[in-house]
Amino acid sequence: MYQEPTGAWFDMPRTPLSLQFPVSGGNTYTAAHPHNSADTRWPDIQVSYAPDTAKGKAYVKVENRDFSALLILSFTEEHAGTAYVYLHEDGQTHHMRHVNFRMHQTSSVGEPIILPEIDDCDGDPQILDDGLCAIISELENTSAKSATDKLYRKRLLTLLPLIQMSGNTNLTLPETKGNTALHYACGMSHLPLVAWLLAHGADTEAVTNKGATVDACVSGKNARAIRDLLSHARTAGPPPLTPEQKAAAAGKQLEAAFSCKDLDADLPDAAAAEEAETLFRYVNTTKKHPFGVDEFSRMGRMLTWALTAKLSVQEFSDTVVTELREMRAYKQTLKAAKKQ
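Conventions we followed
- Residues numbered from 1 in each chain as written.
- Predicted model: local features only at pLDDT ≥ 70, side-chain atom pairs only at ≥ 80, totals over all residues.
- Heavy atoms only, no water.
- Helix = DSSP H or I, 4+ residues; strand = E, 2+ residues; numbered from the N terminus.
- Buried < 20%, exposed > 50% of the residue type's maximum accessible area, 1.4 Å probe, protein only.
- Contact = heavy atoms within 4.5 Å.
- Areas by Shrake-Rupley, 256 points an atom, 1.4 Å probe, with all protein chains shown as cover.
- Salt bridge = Lys/Arg side-chain N within 4 Å of Asp/Glu carboxyl O.
- pLDDT = per-residue confidence, 0-100.
- Phe/Tyr/Trp six-rings, centres within 6.5 Å; stacked < 30°, edge-to-face > 60°.
- Axes fitted to C-alpha atoms, helices over the stretch in contact; angles between N-to-C directions.
- Parallel < 35°, antiparallel > 145°, perpendicular 65-115°, else oblique.
- Nonpolar A, V, L, I, M, F, W, Y, C, P; charged D, E, K, R; others polar.
- Core = buried A, V, L, I, M, F, W, Y, C linked by side-chain atoms within 4.5 Å.
- Expected span 1.5 Å × (residues − 1).

Counting its secondary structure elements, the protein contains ten helices and six strands. Taken across its 340 residues, the protein has 39% of its residues classed as buried. The long-range fraction of contacts in the protein, counting pairs at least 24 apart against all pairs at least 6 apart in sequence, stands at 55%. Here the protein has roughly 19,600 Å² of accessible surface; of this, 51% comes from carbon and sulfur atoms.

What follows is the structure in structure tokens.
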């Protein structure tokens with residue numbers, strides 16, 4: 001959890017997830033908790049399934065008042081593919097990536113929900129925080145004052161953990177109907193969350209599927225303060241990037257350059273050297289990878305090697321540029337071979 005496990009994904013034991021939708025049809029149902037006993041009654045579990053055939057994905061949500069799990073299924077075959085698993089419980093978000101799955105239709109009745117089990121791994125979690133964990137914990141432990149607040153709170157407790165993992169404050173899901181976290185935060189008059197989202201690049205011009213703007217959602221006791229924040233964000237522009245954000249952006253740029261998807265618009269050597277210096281200086285100072293630069297990615301592995309070898313910033317920069325040149329030459333060779 002939190003990052004790549006110590007073992008390979010294919011070594012994990014198979015874990016069934018039984019979806020038992022009503023015979024009458026529909027994509028949601030409520031199931032009794034599998035751990036119920038004569039002495040202990042756990043909250044019922046709600047399960048929902050939302051396909052996105054255009055993108056070859058499907059979303060399975062499993063939740064009750066104690067936890068929320070989301071499976072994002074990416075189909076590479078008609079009934080199989082890879083999945084991301086997000087589990088939010090006790091104020092903490094865990095995630096597993098690249099989990100292979102295969103779907104089987106069966107009429108047998110088993111336990112409604114069996115969640116995967118995996119040992120925690122050492123290492124820092126790859127999550128975007130800066131106070132968001134505290135906000136999520138507060139939302140989990142505060143009772144909603146109205147049915148609308150209850151819905152918004154539920155939506156936020158689904159969206160915010162995913163924002164932590166993706167770094168995308170404008171993330172939306174099919175069931176949110178185009179509403180961003182900023183829409184919900186404004187609707188709940190949650191000033192700290194609005195401030196956090198704006199500080200991390202939330203789009204003040206986002207519009208829902210029904211055309212609702214962020215401003216139209218502002219209400220409650222903090223309405224004036226929230227409108228002031230929105231106005232300031234629009235006039236002041238995006239906040240300056242933190243050192244970690246600059247390093248993350250540099251890592252993303254270099255990863256894209258190494259993919260060589262567009263050889264005609266490649267990253268010049270001078271620009272690559274500058275991005276490499278930005279990334280290395282941050283990692284050399286903090287001794288950690290910035291958010292979004294996975295330690296198992298190309299740049300993540302190069303950084304780990306550079307720190308272990310005690311390279312200087314110039315040596316690392318030169319190495320990145322040299323590797324990029326070799327990758328370009330290799331891709332050019334492949335491109336020329338395909339034309340023959």
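Pairs can form between side chains of opposite charge whenever their charged atoms are close. By the definition in use, this model includes seven salt bridges. Notably, a salt bridge pairs Asp44 with Arg41, separated by 2.8 Å at the nearest N-O pair. For Arg328, the salt bridge is made with Asp269, and the minimal N-O distance between the two is 3.2 Å. Placement of Arg328 in helix α10 (residues 313-339) and of Asp269 in helix α8 (residues 269-286) is noted, with a sequence separation of 59 residues between them.

Let us now look at the confidence of the model for the protein. For the protein, per-residue confidence averages 79 on the pLDDT scale, and residues scoring 70 or more make up 81% of the total. In the predicted structure, residues 1-13 sits below a pLDDT of 50 and forms 34 contacts with residues beyond four places in sequence or in another chain. Ignoring residues within four places in sequence, the model shows residues 109-125, a span with pLDDT below 50, making 41 contacts including any to other chains.

Attention shifts here to unusual backbone geometry. Even without a glycine there, the phi angle at Lys287 is positive, about 60°. Positionally, Lys287 belongs in the loop between α8 and α9 (298-308). Since its relative accessible area comes to 57%, Lys287 is described here as exposed. Positive phi, close to 55°, is recorded for Lys310, a residue that is not glycine. In this structure Lys310 comes out as exposed when scored by relative accessible area, which is 73%.

This part takes up the packing of aromatic side chains. The description of an aromatic ring pair uses the distance of the two centres, along with the angle that the planes make with each other. Under the defined criterion, the tally for this structure stands at two aromatic pairs. Seen from their ring centres, Tyr152 and Tyr184 are 5.2 Å apart, and the 50° between their planes marks the pair as tilted. Placement of the pair is Tyr152 in helix α2 (residues 147-166) and Tyr184 in helix α3 (residues 181-187), with a sequence separation of 32 residues. Seen from their ring centres, Phe280 and Phe316 are 5.1 Å apart, and the 25° between their planes marks the pair as stacked. Taken together, the residues Phe280 in helix α8 and Phe316 in helix α10 connect sequence positions 36 residues apart. In this structure, Phe280 and Phe316 share a single accessibility class: buried.

Mapped onto the elements of the fold, His33 is located in the loop between β1 (28-31) and β2 (45-52). What makes His33 buried here is its relative accessible area of 12%. Put simply, His33 and Asn64 are 31 residues apart on the chain and 9.3 Å apart in space, counted from C-alpha to C-alpha. Setting aside chain neighbours within four positions, we find His33 in contact with Trp42, Pro43, Asp44, Ile45 and Asn64.

Orientation of helix α7 (residues 243-259) relative to α9, taken along the N-to-C sense of each, is 115°, at an axis distance of 9 Å. The orientation of α7 with respect to α9, classified from their angle, is roughly perpendicular. Contacts between α7 and α9 involve Gly251, Leu254, Glu255 and Phe258 on the former and, on the latter, Arg298, Met299, Gly300 and Met302. Looking at the contact of α7 with α9, its residues break down into four nonpolar, two polar and two charged.

What follows concerns the nonpolar core. For soluble globular proteins, nonpolar side chains are generally found buried alongside one another. Ranked by size, the top nonpolar core spans 36 residues in total, and within it Leu156, Leu160, Leu182, Cys186, Leu193, Leu197 and Leu230 carry the most contacts. Elements supplying a minimum of two residues to this core: β4 (67-75), α1 (132-140), α2, α3, α4 (191-199), α5 (214-217) and α6 (223-236). The element best represented in this core is α2, accounting for seven residues. In contact with Cys186, other than residues within four places in its own chain, are Val194, Val214, Cys217, Val218, Ser219, Ile226 and Leu230. Counting residues in hydrophobic clusters, the runner-up holds 23 residues, among them Ala257, Leu267, Met299 and Met302.

A word on α6. For α6, with 14 residues, the first-to-last C-alpha span of 20 Å sits near the 20 Å given by 1.5 Å per residue. Tucked inside the fold, the buried residues of α6 contact α3, α4 and α5. Once α6 ends, the next one or two residues include Gly237, with phi positive near 80°.

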